[in-house]
Amino acid sequence: MSAEKNTEHMHSHGHYHTHTKEVSNRLARAIGHLQKVKQMVDSGEDCSEVLVQLAAVKSAINNTGKVILKDHLEHCIVHAVEDGDEQMLKELNEAIDKFLK
């Protein structure tokens with residue numbers, strides 16, 4: 001992220017995440033799984049099997065996103081509401097729209 005972008009997202013509260021280790025572990029597994037899918041493609045594995053494995057990667061990424069969203073709602077958004085930070089709520093809506101595309 002550029003410095004300009006970081007300045008744009010400054011809020012009056014800190015970002016506290018209780019599931020950082022879980023998210024990191026999930027992402028590491030998804031990365032490993034995606035590397036395996038790439039190997040399958042490179043070695044000419046059956047397209048149907050590759051598609052099944054890609055579906056598993058998508059599911060892993062979506063589930064990781066859910067953990068991050070819950071964490072964000074439980075901590076960051078609660079504090080933003082308490083602080084009257086309407087910009088944070090706008091950013092949450094934008095992030096959800098992008099995540100669900």
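Residues numbered from 1 in each chain as written. Predicted model: local features only at pLDDT ≥ 70, side-chain atom pairs only at ≥ 80, totals over all residues. Heavy atoms only, no water.

1. Section: helix 3 (residues 47-83)
- Along its 37 residues, helix 3 runs 51 Å from first to last C-alpha, staying within 8% of the 54 Å computed at 1.5 Å per residue.
- In the structure, helix 3 departs most strongly from a straight axis at L73, where the bend amounts to approximately 40°.
- Taken together, the buried positions of helix 3 are occupied by V50, V57, T64, G65, V67, D71, H72, H75, C76, I77 and A80.
- Contacts made by the buried residues of helix 3 are with helix 2 (20-42) and helix 4 (86-99).
- Where helix 3 begins, the side chain of D46 points an oxygen toward the backbone nitrogen of S48, at a separation of 3.1 Å.
- With its phi angle positive at about 70°, G84 sits one or two positions after the end of helix 3. (Helix = DSSP H or I, 4+ residues; strand = E, 2+ residues; numbered from the N terminus. Expected span 1.5 Å × (residues − 1). Bend = angle between axes of the 7 residues up to and from the residue. Buried < 20%, exposed > 50% of the residue type's maximum accessible area, 1.4 Å probe, protein only. Contact = heavy atoms within 4.5 Å. Polar contact = N/O pair within 3.5 Å; in protein donor to acceptor, adjacent residues only side chain to side chain.)

2. Brief notes about the side chain of D71
- Checked against the element boundaries, D71 lands in helix 3.
- Although buried, D71 forms no salt bridge, and the nearest oppositely charged side chain, K70, lies 11 Å from it.
- The contact partners of D71, leaving out residues within four places of it in the chain, are H17, T18, H19 and C76. (Lys, Arg positive; Asp, Glu negative; His and termini not counted. Salt bridge = Lys/Arg side-chain N within 4 Å of Asp/Glu carboxyl O.)

3. Some points on the confidence of the model for the chain
- Looking at the chain as a whole, the pLDDT averages 83, with 84% of positions reaching at least 70.
- Per-element confidence in the chain is highest for helix 2, whose mean pLDDT is 94, and lowest for helix 1 (residues 3-8), whose mean pLDDT is 42. (pLDDT = per-residue confidence, 0-100.)

4. Here we look at a nonpolar patch on the surface
- There is a patch of nonpolar side chains on the surface, built from L27, I31 and I61 and spanning about 240 Å² of accessible area.
- Tracing the sequence through the fold places I31 in helix 2. (Patch = residues over 30% accessible without salt bridge, like charges linked within 9 Å, V, L, I, M, F, W, Y side chains within 5 Å. Areas by Shrake-Rupley, 256 points an atom, 1.4 Å probe, with all protein chains shown as cover.)

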